[in-house]
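What the coordinates show
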Amino acid sequence: MLILNPDSVSESLSDPLFRRISRIAERLGVDAYVVGGYVRDHYLRRPSTDIDVVVVGSGIDVARALAAELHTQVTVYKTFGTAMLRAGGAEVEFVGARRESYSQDSRKPQVEAGTLADDQRRRDFTINAMAWSLDGARFGELVDPFGGMDDLEDRIIRTPCDPDVTFSDDPLRMMRAVRFAAQLGFDFDPDTFDAIVRNRERIRIVSRERIAAELNKIVLAPLPSMGFELLELTGLLELIFPELHRLKGVERRGSHAHKDNFVHTLKVLDNVAARSGDLWLRWAALLHDIAKPLTKAYDPKAGWTFHGHEVLGSKMVPSVFRQLKLPMNEHMKFVQKLVFLHLRPIILSEELVTDSAVRRLLFEAGDDVEALMMLCEADITSGIDAKVKRYLANFELVRRKMKDLEERDRVRNFQPPVTGEVIMRTYGLGPCRAIGEIKEAIKNAILDGEIPNEYDAAFALMERLAAERGLEKA
């Protein structure tokens, strides 16, 4: 990752907005600074549209004056002493410089006015504590009392002050440390890492919603495995996501040993991440083998087995989502479906690919079939190149057969052309078991290729099935 010249900030501060804030601050007799992520991302050449401005004085007054000049709305949060407005494509938040103190059972601080140095000292990491002055005479000058620029160049996550105090005060910072390391590809300063290990139990006071927000950012990182490996190494994973932690380890009996399912899962996650930025497809990769610890069994002849882990895993998805405060909506159902189906294309690729089996897969996967195939291809993590090539070649056969059958039979998301309403109307029946049996038989006949997916063929089969049951037309 390339770091820009520390003195070259003219590009990021070229927006007239910053000079406008500078003039307002001078008029109000206060000092203003751009601080945190916007500064960090400038040196990392990362785009950023969130601008944090610290004012030594009232940030709310500066925000209101700016909003008046720009003829825009400002949202004030008096409880937190902050104000926010949108300017162009950026979201600008103003806050008065402050110092904080914490109680043992809460991550909500007691706040009082402070200096810029106080405000930088309360920041989570040195790379987030750098500031640019907006003062007229010092405009663009970097204020970096904790060596954030050095840590950027060394690719290090380090706290500006005692890491035990930093993480005990606000334990969410431990998750943020892991997230930044995963997003940026940075390492931990040894003292910072050790402090996370010592303070990991403090994570219990953080709300599940805040933890989930950080987990999602880790899942979306360029190499998400790095984040989950750090969560495991620090001991945080066992506390916040025990189901994933339990995948770790290898058990041996005689000559039989199974692979480390934690390592395998993270490899699958990275494989998916290399091809897709879809958050929920990545979650499906993370959870696809989640039930293996519960289904593990040893057979002296076959070795270790995990029979039915896809079925049990799909049943576990809602409880995992509920525990992590992830959305219990169509995203959860998508993950659940992919966990349930993730072995099906693999089984198809190992056996003679029949039209009937492919039709059923298309029917059950529906519009998610491409996501399912991507997950299944990512699931091939063998170290034997020939085996990987054979599986991927077989998957390509499955894909081609899917394309041919879809074009011919239109079975993806299909509904049998003869509906329950047609059957009831034809035979003068109300809802009953016979209606469901006939509908199911018609669906299976289409999926098995016994009849085409057409109304006339389905109606004729309905008549034959009804006659076998002694039904007469109304």
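Residues numbered from 1 in each chain as written. Predicted model: local features only at pLDDT ≥ 70, side-chain atom pairs only at ≥ 80, totals over all residues. Heavy atoms only, no water.

A few points about the overall build of the chain
Assigned secondary structure in the chain consists of 24 helices and 15 strands. Its C-alpha radius of gyration of 29 Å places the chain more than 25% over the 23 Å reference for a compact globule of 474 residues. In terms of principal-axis extent, the alpha carbons of the chain reach across some 95 × 65 × 40 Å. Within the chain, residue pairs in contact and separated by at least 24 positions form 67% of the contacts whose partners lie at least 6 positions apart. (Helix = DSSP H or I, 4+ residues; strand = E, 2+ residues; numbered from the N terminus. Rg over C-alpha atoms; globule rule 2.2 N^0.38 Å. Contact = heavy atoms within 4.5 Å.)

Examining the pattern of salt bridges
Where side chains of opposite charge bring their charged atoms close, a pairing between them can arise. Inspection of every chain in the model, using the stated rule, returns 25 salt bridges. With its nearest N and O atoms 3.1 Å apart, the salt bridge here joins arginine 122 to aspartate 119. Exposure remark for aspartate 119: the relative accessible area of 0% places this residue in the buried category. Of the charged contacts in the structure, one is a salt bridge between arginine 399 and glutamate 370, with a shortest N-O distance of 2.8 Å. (Salt bridge = Lys/Arg side-chain N within 4 Å of Asp/Glu carboxyl O. Buried < 20%, exposed > 50% of the residue type's maximum accessible area, 1.4 Å probe, protein only.)

Some details on the confidence of the model for the chain
Averaged over every residue, the pLDDT of the chain is 89; the share at 70 or more is 92%. Low pLDDT (under 50) marks residues 1-5, which in the prediction has 16 contacts with non-local residues, meaning those over four places away or in another chain. (pLDDT = per-residue confidence, 0-100.)

Description of the pairing of strand β5 (residues 90-96)
Both faces of the sheet carry side chains from a regular strand, because those side chains alternate between them. The element β5 is extensively covered by neighbouring structure, given that five of its seven residues are classed as buried. The antiparallel hairpin formed by strand β4 (residues 82-87) and β5 contains two residues in its connecting segment, where glycine 88 sits at a positive phi of about 65 degrees. (Pairing = 2+ DSSP bridges.)

Side note on unusual backbone geometry
The phi angle at arginine 45 is positive, at roughly 60 degrees, despite the residue not being glycine. Tracing the backbone shows arginine 45 in the loop between α2 (37-43) and β2 (50-56). Although it is not a glycine, lysine 325 sits at a positive phi angle of roughly 60 degrees. Of note, lysine 325 is situated in the loop between α16 (309-324) and α17 (330-341).

A word on the sheet that holds strand β9 (residues 142-143)
Read across the open sheet, the seven strands follow the order β3-β4-β5-β2-β1-β8-β9; overall the sheet is mixed. Where the open sheet ends on each side, the last strands, each with one partner, are β3 (75-77) and β9. As judged from the two bridges shared by strand β8 (residues 131-133) and β9, these two strands associate in the antiparallel manner. Along β9, the bridge assignment pairs tryptophan 132 with leucine 142. Against the sheet, helix α3 (residues 59-70) makes contact with β2, β3, β4 and β5, and its axis sits at roughly 25 degrees relative to β4, the strand it touches most. (Axes fitted to C-alpha atoms, helices over the stretch in contact; angles between N-to-C directions.)

Brief notes about the side chain of aspartate 260
In this fold, aspartate 260 is placed in the loop between β13 (256-257) and α13 (261-273). Despite being buried, aspartate 260 has no salt bridge partner; lysine 248 is the closest side chain of opposite charge, sitting 4.5 Å away. For aspartate 260, the side chain forms a polar contact with the main-chain nitrogen of phenylalanine 262, separated by 2.9 Å. Setting aside its immediate chain neighbours within four residues, aspartate 260 contacts Leu247, Lys248, Gly249 and Val250. (Lys, Arg positive; Asp, Glu negative; His and termini not counted. Polar contact = N/O pair within 3.5 Å; in protein donor to acceptor, adjacent residues only side chain to side chain.)

Focus: the layout of surface pockets
Where empty space is left can be seen by rolling a probe of water-molecule size over the atoms. The calculated volume of the second largest pocket comes to roughly 640 Å³. At the level of secondary structure, the elements contributing two or more residues to the lining of the second largest pocket comprise α13, α18 (344-350) and α21 (385-409). Considering every element that reaches the lining of the second largest pocket, the biggest residue donor is α18, with three residues. Class assignment of the residues belonging to the lining of the second largest pocket gives a composition of eight nonpolar, seven polar and seven charged. (1 Å grid on protein atoms, 1.4 Å probe; cavity = no way out; pocket = protein on both sides within 12 Å on 5 of 7 lines; lining within 4 Å. Points joined across faces, edges and corners; volume = space filled by probe spheres on them. Nonpolar A, V, L, I, M, F, W, Y, C, P; charged D, E, K, R; others polar.)

A closer look at helix α22 (residues 420-427)
Of the positions making up α22, those classed as buried are Gly420, Val422, Ile423, Thr426 and Tyr427. Along the axis of α22, the buried positions cluster into a sector of 160 degrees, meaning they face one direction only. Facing away from the buried side of α22 by more than 90 degrees, the exposed set consists of Glu421 and Arg425. Count one or two residues on from α22 and you reach glycine 428, which has phi positive near 60 degrees. (Arc of directions from axis to C-beta.)

A look at the environment of glycine 81
Relative to the assigned elements, glycine 81 resides in the loop between β3 and β4. With 47 residues separating them along the chain, glycine 81 and asparagine 128 place their C-alpha atoms 20 Å apart. Here glycine 81 is in contact with Ile60, Phe94, Val95 and Gly96, once residues within four sequence places are set aside.

Comments concerning the environment of lysine 337
Within the secondary structure, lysine 337 sits in helix α17. Linking lysine 337 and leucine 465, residues 128 residues apart in sequence, is a C-alpha distance of 32 Å. Apart from the residues lying within four places of it in its own chain, the contact partners of lysine 337 are Glu364, Ala365 and Asp368.

Structural notes on the packing of aromatic side chains
Within the structure shown, the criterion is met by ten aromatic pairs. Ring centres of phenylalanine 188 and phenylalanine 193 lie 6.2 Å apart, and the angle between their planes is 45 degrees; on these two criteria the pair is classed as tilted. The partly exposed category is assigned to phenylalanine 193, whose relative accessible area is 23%. Directly above the ring of phenylalanine 139 sits arginine 19, whose terminal nitrogen or CZ lies 3.6 Å from the centroid. (Phe/Tyr/Trp six-rings, centres within 6.5 Å; stacked < 30°, edge-to-face > 60°. Lys NZ or Arg CZ within 6 Å of the ring centre and 35° of its normal.)

Structural notes on the packing of helix α7 (residues 172-184) against helix α10 (residues 224-234)
Their axes nearest at 8 Å, the elements α7 and α10 cross at an angle of 145 degrees. Seen along the crossing, α7 lies across α10 with a hand that is right-handed. Residues Met175, Val178, Ala181 and Ala182 of α7 form the contact with α10, whose own contacting residues are Met226, Gly227, Leu230 and Leu231. Taken together, the residues that form the contact of α7 with α10 break down as seven nonpolar, one polar and no charged. (Left-handed = near helix turned anticlockwise from the far one by under 90°.)

Let's talk about helix α14 (residues 279-287)
Burial within α14 is extensive, with nine of its nine residues counted as buried. Listed in full, the buried residues belonging to α14 are Leu279, Trp280, Leu281, Arg282, Trp283, Ala284, Ala285, Leu286 and Leu287. You can read the cap of α14 off the contacts: a side-chain oxygen lies 2.8 Å from the backbone nitrogen of tryptophan 280, and it is on aspartate 278.

A word on the nonpolar core
Core analysis: the biggest nonpolar cluster contains 116 residues, and Phe94, Phe228, Leu231, Phe241, Trp283, Leu287 and Val335 have the highest contact counts within it. Setting aside residues no more than four positions away along its own chain, leucine 231 makes contact with Met175, Val178, Leu215, Ile218, Leu236, Leu237 and Ile240. (Core = buried A, V, L, I, M, F, W, Y, C linked by side-chain atoms within 4.5 Å.)

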